[in-house]
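Notes for the structure review
Here are the chains, one letter per residue:
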Amino acid sequence: DAKTTQPTSMDCAEGRAANLPCNHSTISGNEYVYWYRQIHSQGPQYIIHGLKNNETNEMASLIITEDRKSSTLILPHATLRDTAVYYCIGVNYGGSQGNLIFGKGTKLSVKP
Amino acid sequence: DVKVTQSSRYLVKRTGEKVFLECVQDMDHENMFWYRQDPGLGLRLIYFSYDVKMKEKGDIPEGYSVSREKKERFSLILESASTNQTSMYLCASSPRRPTSYEQYFGPGTRLTVT
């Protein structure tokens, strides 16, 4: 699975878009990019995943660069409840079944 | 909504005790997982299961065993608890889909071994 690199922490003003970057320069052609988040004292929560096309769901948008070496998770209108640690994970479906390897993630603080 | 529940939020046990952590999911998922989370080390996979009575070792199985007698229930057992097993334990489940590693996590059990 690809090694991912994320900034340690970021701040965002409430109501503004939060753009969380992730570098995955060693990603292989069949590896997906998954995003999870973990709010304090809770279990991780799935957000979104993608392979090469941009993806959007009710929680967020995922923009993957054309060379797939990096991606950005976008929370369009951040709220205080979006304060959490966000994890970017590279997943090879041909590898260990279902094993997600969480790194250190980005601690996002949404401020009023 | 998918629900994954864990038997306790907080647990305090003594060294040498046998500890059972139970996880139940209500979405008929085939896959279930046990992770532990420690500061600075992130989440690490202990065991996982693809089906009833099936289990696979994760990255750190030493000192743990698991049991899956029913599809909805996955138990983690610490045969003889030690202080280095003090941690947050997280259970997760996922459907067996070839194109998704979308896992649903429980709220976690914070175990302290004294």
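Everything here concerns the structure above.
Presented here is an overview of the structure given in this document. (Residues numbered from 1 in each chain as written. Chains lettered and ligands numbered in written order. Predicted model: local features only at pLDDT ≥ 70, side-chain atom pairs only at ≥ 80, totals over all residues. Heavy atoms only, no water.)

Comments concerning the pairing of strand 4 (residues 31–38) of chain B
As a general feature of sheets, a regular strand has side chains that alternate between the two faces. Residue and element names in this part refer to chain B. The cut-off we apply is this: Relative accessibility decides the category of a residue: with a 1.4 Å probe and only protein chains considered, values under 20% of the type maximum give buried, values over 50% give exposed, and everything between is partly exposed. Helix and strand definitions here come from DSSP, where helices need a minimum of 4 consecutive H or I residues and strands a minimum of 2 consecutive E residues; each element is numbered from the N-terminal end. Should DSSP find at least two bridges between two strands, the strands are regarded as paired.
Within strand 4, 8 of the 8 residues are buried, which leaves the element mostly enclosed by the surrounding structure. Alternating residues of strand 4 divide into Asn-31, Phe-33, Tyr-35 and Gln-37 and Met-32, Trp-34, Arg-36 and Asp-38, and every residue in both groups is buried. Direction of pairing for strand 4 relative to strand 9 (residues 87–94): antiparallel, over a ladder of 7 bridges. From the neighbouring strand, Tyr-35 faces strand 9, where its bridge partner is Leu-90. Two strands pair when backbone bridges link them, and strand 4 and strand 5 (residues 42–49) are joined in this way by 7 bridges, in the antiparallel orientation. From the neighbouring strand, Gln-37 faces strand 5, where its bridge partner is Leu-43. A loop of 3 residues connects strand 4 with strand 5, the two strands running antiparallel in sequence, and Gly-40 in this loop sits at a positive phi of about 80°.

Here's the deal with the pattern of salt bridges
Residues and elements named next belong to chain B. Counted only if it meets this: Salt bridge criterion: a side-chain nitrogen from Lys or Arg within 4 Å of a carboxyl oxygen from Asp or Glu.
Under the defined criterion, the tally for this structure stands at 8 salt bridges over all chains. Between Lys-18 and Glu-79 there is a salt bridge; the shortest N-O distance is 3.5 Å. Of this pair, Lys-18 sits in the loop between strand 2 (10–13) and strand 3 (19–25) while Glu-79 sits in the loop between strand 8 (73–78) and strand 9, placing them 61 residues apart in sequence. Residue classification places Lys-18 among the partly exposed positions, given a relative accessible area of 44%. A salt bridge links Arg-44 to Asp-38; the shortest N-O distance between them is 2.9 Å. The exposure class assigned to Arg-44 is partly exposed, which follows from its relative accessible area of 25%. Classification of Asp-38 as buried rests on a relative accessible area of 10%.

Some details on the environment of Tyr-47 of chain B
Examined against the element boundaries, Tyr-47 of chain B turns out to sit in strand 5. Residues Tyr-47 of chain B and Ser-93 of chain B, spaced 46 residues apart in sequence, show a C-alpha to C-alpha distance of 12 Å.

Details of the sheet that holds strand 3 of chain B
All names here are of chain B. Rules: For helices, the fitted line uses only the C-alpha atoms of the stretch in contact; every axis is such a line through C-alpha atoms, and the angle between N-to-C directions lies from 0 to 180 degrees.
Across the sheet, which stays open at both edges, the 4 strands sit in the order 1-3-8-7 with antiparallel pairing between neighbours. Sheet topology places strand 1 (4–6) and strand 7 (64–70) at the edges, where each strand pairs with a single neighbour. Within this sheet the neighbouring strands show an average axis-to-axis angle of 20°, counted without direction. The pairing of strand 7 with strand 8 spans 5 bridges and is antiparallel. When the bridges of strand 8 are listed, Ser-67 appears paired with Ser-75.

Some words on the state of the cysteines
As a reminder of what qualifies: Our working definition of a disulfide is a cysteine sulfur pair at a distance within 2.5 Å.
One pass over the full model with this rule turns up 2 disulfides over all chains. Between the sulfur of Cys-22 of chain A and that of Cys-88 of chain A lies a disulfide, 2.1 Å long from S to S. Of note, the bridge from Cys-22 of chain A to Cys-88 of chain A carries an S-S torsion of about -80° and is left-handed in sense. One end of the pair, Cys-22 of chain A, is in strand 2 (residues 18–23); the other, Cys-88 of chain A, is in strand 8 (residues 84–92), with 66 residues separating them in the sequence. This pair shows no difference in class: Cys-22 of chain A is buried, exactly as Cys-88 of chain A is. Cys-23 of chain B shares a disulfide with Cys-91 of chain B; S-S distance 1.9 Å.

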